[in-house]
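# Tertiary structure, described
Chain by chain, the residues run as shown.
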Amino acid sequence: MKYPYQIQNLDQYYSDYQKSIENPDEFWGSIAEHFEWHETWNSVVHSDFLTAKTIWFEGAKLNITENCLDRHLEERGNQPAIVFEPNDPNKPSQTLTYQELYDRVAEFSTVLTNIGIQKSDRVCIYMGMIPELAIAVLACARIGAIHSVIFGGFSAQSIADRVIDAQASCIITCDGAYRGNKEIPLKPVVDQALKLCDTVSEVVVFKHTGTTVNMTKGRDLWWHEQVNEIIEVGIPWEEPERVDAEDPLFILYTSGSTGKPKGVVHSTAGYMVWANYTFVNVFQYQPKQVHFCTADIGWITGHTYILYGPLSAGATTLMFEGIPTWPDAGRFWDICQKHSVDILYTAPTAIRSLMVFGDEPLKNKDLRHLKVLGTVGEPINEEAWHWYDDKVGKNNAPIVDTWWQTETGGIMISNLAGITPSKPSFATLPLPGIFPVLMDENGKILEGNSVSGNLCIAKPWPGMIRTTFGDHQRCIDTYFSAYKGYYFTGDGCLRDEDGLYRITGRVDDVLNVSGHRIGTAEVENAINMNPLVVESAVVGFSHDIKGQGIYAYVILNKEIADEEMASNLRIQILRTVSEVIGPIAKPDKIQFVTGLPKTRSGKIMRRILRKIAEGELNSLGDTSTLLDPSVVESIKLSRM
Ligand code: WTA
């Protein structure tokens, strides 16, 4: 497969960028011609940022899985589509060719139709990182059902919240998953979640770990039995559903500055074009290369750069079930060697966690195949960037620092590997179609170079968020209201003297812990559910490996007698957070306090709490407007 729209050199980047901004209809229209459509579009893009309404490829009809599977069969039916590396390095890896993946997806989409799932129904998927997760996702897309993948680390309560919000009728799960030396139960968590919600009528369970699980009669179905039935009865495979360009492809829940995660909705055609275009250009993918994105499919990075981007481009995508440090810190490098990985795409937090082990795990690992390295999810510090460049890439593989968000569908600001310049800790330049604007607090556009402000995007792009599920006003309020006529990212950003962009981090109450977005309000709500807690305030602090850690200030309804009691209480609070959200949201530090710094109107002054968490005790700024300035002194004294 050739990619006629793959940018070949710096001049072409500038000229394509120019074209994309001056004439987006022509630019994206000609790229879209390289995909499979049942009906073509009447117009390329209509957009109104004030009402958050954007339509790409209006009138077109397609099925995204035909673009990811069917169209590759003739030319590369026998090429690996998915290479699966299991958690346990002693177990064999698995390969699914394009033909095999096509067969399994067509088969499983028939299972879904057979059990009554229809176009536009919402299907939640709660599985480990196994090929069946990819099959489940694609099978939903094949029949036009809307998938909502829930990260395998989320709690029963979090699943229930998402099921209820999406009004999902089906959950696809597996008995359990492996994670390093642990076996994680999944089906039992779904069982617990389903006690808290009542919209789900079918649960399809894939047998992976083989542990015993309870199957509820009339509701729970074994994946393999359903597939066998299709084969035995000889039910013909379902034809792919022809959906409208703007029909939703998936919902993915993400944290914001309020307590409740939002269901970010992506459409079909625009997302497909954007996933493919960004994949082919940023990583400069060449046919037959092996692309290894280490993200989990529970997050947007997995959706776009394990599944839809690579598969729509006919690439070989590697799925890994385990963790970077088990059985040892050489696991990534073993995988790269074993599968001759060409492109490695991971998170700064993973790089930092491996740096701790020094160079030893890299010794005798053959990484000569690596041609492109990528990072995503959080700012990368220069030290980690250089380690990645020196030790992993041997100064011979360009690093792409890719900035984007769940809401943007794909990469927005990044260098293009080997084509545009890179600069440590800089995402560098916008992709064609992306028009970044920096704003000051008052909504004034900051022109020119060497400026810092809030990052907004001025023009529509194909992969942008279409709505927040079930609540369009929330989409308008969150993204299109702070600066009228612009999409607001929630990130702070610097444009340097050369016009290169550097993302400096969130400017709202969203933390980025190990590359995962977590709202402070969400963690506070969870802590407050513990019956002993009166009130809490959560802030982020710099953490060597996680990027940001979670620091919680908690007021209890009882006095703490001694350190032992305090430590027991901390354990209880951590358990509550795990139950309400999941282990990823557990605070690193919990400080018990008797009061919080509040303004006279009752607003918590987080700025002060952030400084204390960082240990900047002498630069707290003006505290005279506080209702009770003395609480600050007592918080400083008992700082963790
Ligand atoms: C942050 C992940 C700096 C940013 C794809 C953004 C980054 C949030 C980078 C989105 C990067 C992502 N440099 N910061 N290269 N990439 N971020 O929705 O704060 O999980 O707003 O999407 O991660 O996180 P999300």
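From a predicted model like this one, the values you see are computed outputs, not experimental measurements.

## Here we look at the overall build of the protein chain
Within the protein chain, the secondary structure is distributed over 19 helices and 30 strands. A globule of 640 residues ought to have a C-alpha radius of gyration of about 26 Å, and the protein chain, at 24 Å, matches this closely. C-alpha atoms of the protein chain, sized along the principal axes, occupy 75 × 60 × 55 Å. A sequence separation of at least 24 residues applies to 71% of the contacts in the protein chain between residues at least 6 apart. Of the roughly 24800 Å² of accessible surface on the protein chain, 48% is carried by carbon and sulfur atoms.

## Overview of the pattern of salt bridges
On inspection of all chains with the given rule, the structure shows 30 salt bridges. A salt bridge links D70 to R142, with the nearest nitrogen and oxygen atoms 3.0 Å apart. Of this pair, D70 sits in the loop between α3 (64-68) and α4 (73-76) while R142 sits in helix α6 (residues 131-143), placing them 72 residues apart in sequence. A salt bridge links R610 to D509, with the nearest nitrogen and oxygen atoms 3.9 Å apart. With a gap of 101 residues between them, R610 in helix α18 (residues 606-614) and D509 in the loop between β25 (501-506) and β26 (510-513) connect regions that are remote in the sequence. Since its relative accessible area comes to 37%, R610 is described here as partly exposed. Residues joined in a network through salt bridges with shared partners are K187, D191, R219 and D220.

## Some thoughts on the domain arrangement of the protein chain
Considered domain by domain, the protein chain is made up of domain 1 (97-241) and domain 2 (512-637). The distance between the C-alpha centroids of domain 1 and domain 2 comes to 37 Å. Contacts between domain 1 and domain 2 engage 6 residues on the former and 7 residues on the latter. At the junction of domain 1 and domain 2, the tally comes to 0 salt bridges. Applying the counting rule to domain 1 against domain 2 returns 5 residue pairs in polar contact (both at pLDDT 80 or more). Class assignment for the residues of the side of domain 1 that touches domain 2 results in 2 nonpolar, 4 polar and no charged.

## Describing the sheet that holds strand β15 (residues 262-267)
If you trace the 8 strands from one edge of the open sheet to the other, you get β12-β11-β8-β6-β7-β14-β15-β23, paired in mixed fashion. The outermost strands of the open sheet, each flanked by one partner alone, are β12 (220-222) and β23 (467-468). The sheet contact formed by strand β7 (residues 146-149) and strand β14 (residues 248-254) spans 2 bridges and is parallel. Following the sheet pairing, H147 is matched in β14 by F250. Each of β6 (122-126), β7, β8 (170-174), β11 (202-206) and β14 touches α6; the most contacted strand, β6, lies at about 175° to it. Sitting on the sheet, helix α9 (residues 223-233) touches β8, β11 and β12, and the angle it makes with β12 is about 65°.

## Re empty space enclosed by the protein
Rolling a probe over the atoms, with the probe sized like a water molecule, indicates the empty space that remains. For the structure on display, the rule yields 2 cavities of 30 Å³ or more. Within this model, the largest cavity holds a volume of roughly 40 Å³. Lining the largest cavity, in full, are V149, I150, F151, F154, R162, L252, Y253, G298 and W299. Taken together, the residues that form the lining of the largest cavity break down as 7 nonpolar, 1 polar and 1 charged.

## Comments concerning the nonpolar core
One recurring pattern in soluble globular proteins: nonpolar side chains tend to sit buried together. In this structure, F57, F108, I172 and Y308 are the most contacted members of the largest nonpolar core, which totals 174 residues. The two domains that each donate at least three residues to this core are domain 1 (97-241) and domain 2 (512-637). Beyond its immediate stretch of four places on either side in the chain, I172 contacts F108, L112, V123, C124, I125, Y126, M127, A136, C140, V204 and W223. Membership of the second largest hydrophobic core comes to 28 residues, among which are L318, F320, C336 and I399.

The rules we used
Residues numbered from 1 in each chain as written. Predicted model: local features only at pLDDT ≥ 70, side-chain atom pairs only at ≥ 80, totals over all residues. Heavy atoms only, no water. Helix = DSSP H or I, 4+ residues; strand = E, 2+ residues; numbered from the N terminus. Rg over C-alpha atoms; globule rule 2.2 N^0.38 Å. Contact = heavy atoms within 4.5 Å. Areas by Shrake-Rupley, 256 points an atom, 1.4 Å probe, with all protein chains shown as cover. Salt bridge = Lys/Arg side-chain N within 4 Å of Asp/Glu carboxyl O. Buried < 20%, exposed > 50% of the residue type's maximum accessible area, 1.4 Å probe, protein only. Domains from an automatic or database assignment. Polar contact = N/O pair within 3.5 Å; in protein donor to acceptor, adjacent residues only side chain to side chain. Nonpolar A, V, L, I, M, F, W, Y, C, P; charged D, E, K, R; others polar. Pairing = 2+ DSSP bridges. Axes fitted to C-alpha atoms, helices over the stretch in contact; angles between N-to-C directions. 1 Å grid on protein atoms, 1.4 Å probe; cavity = no way out; pocket = protein on both sides within 12 Å on 5 of 7 lines; lining within 4 Å. Points joined across faces, edges and corners; volume = space filled by probe spheres on them. Core = buried A, V, L, I, M, F, W, Y, C linked by side-chain atoms within 4.5 Å.

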